[in-house]
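The primary structure of each chain is shown beneath.
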Amino acid sequence: MAEDKGKRDSVGMSLRGCQTNNGFVQNEDILEKEPAPGSPPDSAVAIPGPAEPTLQGARPYAGMPKEVLFQFSRQARYRVPREVLFWLTVASVLVLTAATIAIIAVSPKCLDWWQAGPMYQIYPRSFKDSDQDGNGDLRGIQEKLDYLTTLNIKTIWLTSFYKSSLKDFRHGVEDFREIDPMFGTMKDFENLVAAIHDKSLKLIIDFIPNHTSDKHAWFQLSRNRTGKYTDYYIWHDCTHENGTTIPPNNWLSVYGNSSWHFDEVRNQCYFHQFLREQPDLNFYNLDVQEEIKEIIQFWLAKGVDGFSFDAVKFLLEAEHLRDETQVNKTQIPDTVTQYWGLYHDFTTTQVGMHDIVRSFRQTMDQYSREPGRYRFMGTEAYGESTDRTMMYYGLPFIQEADFPFNNYFSELNTPSGNSVFEVITSWMENMPEGKWPNWMIGGPDSARLTSRFGEEYVNIMNMLVFTLPGTPITYYGEEIGMRNILATNLNESYDVNTLLSKSPMQWDNSSNAGFSEASHTWLPINSDYHTVNVDVQKTDSRSALKLYQELSLLHANELLLSRGWFCYLQNDSHSVVYTRELDGIDRVFLVVLNFGESTVVNLEEMISNIPRRMRIRLSTNSAYKGSEVDTDAILLDKGEGLILEYNRKNLLHHQTAFRDRCFVSNRACYSSVLNILHSLC
């Protein structure tokens, strides 16, 4: 009975035509096929094979099997749009790829952070005291970061803060990995770095690798001939009798007298280019080079964004120890005791020195691989000729410094149009192609601008450095026109001449100018702090600080200043005149600066086809801002400067007459249609 029932079920499935549910239609009965009228009844069980679906008059439906889907997909009305979309997608990808490659190919190199805005140099001991001991410190700098952001600066440059015996203003370092307790702790430094980066600013620090303090552990080990430290410094036999030393040669210290000093422990003389408390390291010793490399890595790991390497021209000395030539050959040799009395051919810029500086660059490049974390390298080699200074930029395919610091303006003692023009052109004409210039008008080792030139030149010099191509560098207090202090009642036993430009920052007209709440400060406050201070000037529209802020903002927002050509037009004993222009922008900035007595400048004699009247974009005299001047007779008072603006399509650097008088560091052109910079000029 069970067998007969199974057969009946099988026959029943056949009679239903073996139709199946594809899984997309549920809970529906499968209808039996009714036999056609007159057809013979099924007499046998037969399972039909697969048949080609017939699509005539049918429409696509959800859940169709793939055989049916393929039939529909071959139809032209479905196939053609699909192929069109496919090839459009391929073409779009190719076009976008080609456009991206083209944009990259024609785009000029972007300005890095050290090119994009001003640097601000701080002498930590004189900026802000946070613990009422009369000395500035790292926490004091952190307290004033909001002020620094109002100046639109991009980089903070700290001078030396390492643990030191204070000889020569912290340049005799006892430990390169320690913060001097006067300035705080390593935790204070780490907090300062983090706070600086939170403000989207960068930090570079001073480093003098040439020498250490005589209290440094390396020197103590070297004078006792301990292991590898025996030759970490430059030792040589010398004669020492009855308290008198006969040195190995006539080499002189920068500060005068012999650069050799007898050490009673080692019973030899050691060499020092500076003070006797600052013995020179022996950079012919590879272990010394490795030590310096590790110190650089230590501070880069702490988060600093770059270094200013100071005194690098002194890194090597001639090994033959021959006497240097006297400037005045008729002078009795024993009476030559001043540094300038010799030609220093054997103690500065020796063969191999630049290789050592390049090794510093290579170490820093290891930390520059992360996007946005490029590590800046500057060198200080003051006193060098311009052509020797340019060597610190490196070779065409071997990078050295991003730029050597340009302090030639800070060496000027009397302002004139000709002297200013000479500094500008000597740098721009000698700078290797594609390199980046920089300009500074003061520093810790030179007299302040106001004391050298007079207060009437503060605004014009700030206008100068902000309108020249390159990076402007400001020494703390220059934005408000601080001057040297008088050389009286100084509490320190250093060379007075090196102290005068390091007086405490003048924040307000309260006690100690807001620098410190201590009963006394390490240096006296300048007597003019009641009127020359940040608090007074930030609310005075005519102040030096207000103009400085306007100049830095203009520099940040105008491609003409950050990327444009520099073309000088004229200079004389009074004035300097130049333009800033950029291909693709039909506006031109024309800068007129008067360093002499009152004078009249006729621009129509310098440039053809210029407007009879020009708009004043900025002036050292705030009353003139936004007004217009006649270009055939511009009257300028002593120390007055103007940034004029006018429209011009035929730019000067394209004209044959001006071609040799125009300079650009990174050539670029502006497309107003695409709002991008490109290099197809």
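Please refer to the structure placed before this passage.
Residues take numbers from 1 onward in each chain, read along the sequence in its written order. Local features are withheld for residues below a pLDDT of 70 in this predicted model, meaning they are given only at 70 or higher, and side-chain atom pairs are given and counted only at 80 or more; totals for whole chains, interfaces and linings count all residues. Hydrogens are left out, water is left out, and the side-chain values use all remaining heavy atoms of the structure.

### Description of the state of the cysteines
For step 1, the next point in the chain: Counting rule for disulfides: a pair of cysteine sulfur atoms within 2.5 Å. In the structure shown here, the tally under the stated rule is two disulfides.
For step 2, the next point in the chain: With its sulfur 2.0 Å from that of its partner, Cys 238 forms a disulfide with Cys 269. Across the S-S bond of Cys 238 and Cys 269 the torsion is about 85°, and the bridge reads as right-handed. Within this pair, whereas Cys 238 is found in the loop between strand S6 (235–236) and strand S7 (239–241), its partner Cys 269 is found in strand S10 (residues 268–271), the two being separated by 31 residues in sequence.
For step 3, the next point in the chain: Burial here depends on accessible area, computed with a 1.4 Å probe over protein chains only, as a share of the maximum for the residue type. Under 20% is buried, over 50% is exposed, and the range in between is partly exposed. You can call Cys 238 buried: its relative accessible area is 18%.
For step 4, the next point in the chain: Classification of Cys 269 by relative accessible area gives buried; the value is 0%.
For step 5, the next point in the chain: At a sulfur-sulfur separation of 2.0 Å, the disulfide partner of Cys 567 is Cys 662. Given an S-S torsion of about 115°, the disulfide between Cys 567 and Cys 662 has right-handed geometry. On the criterion of sequence distance, the pair formed by Cys 567 in strand S18 (residues 565–571) and Cys 662 in strand S26 (residues 662–663) is long-range, its members being 95 residues apart. Cys 662 carries the same exposure label as Cys 567, and that label is buried. Under the scheme used here, helices are H or I runs from DSSP no shorter than 4 residues and strands are E runs no shorter than 2 residues, and both carry numbers assigned from the N terminus.

### Things to note about the sheet that holds strand S17 (residues 471–475)
For step 1, the next point in the chain: Two strands are said to pair when DSSP picks up at least two bridges between them. Reading across the sheet, the eight strands line up as S15-S12-S11-S5-S2-S1-S17-S16 and stay open at both edges, with parallel pairing between neighbours. Every other strand in the sheet has two partners, leaving strand S15 (403–404) and strand S16 (438–440) as the edge strands with one partner each.
For step 2, the next point in the chain: Relative to S17, strand S1 (residues 119–122) is paired through three bridges, and the arrangement is parallel. Within the sheet, the bridge partner assigned to Gln 121 lies in S17 and is Tyr 475.

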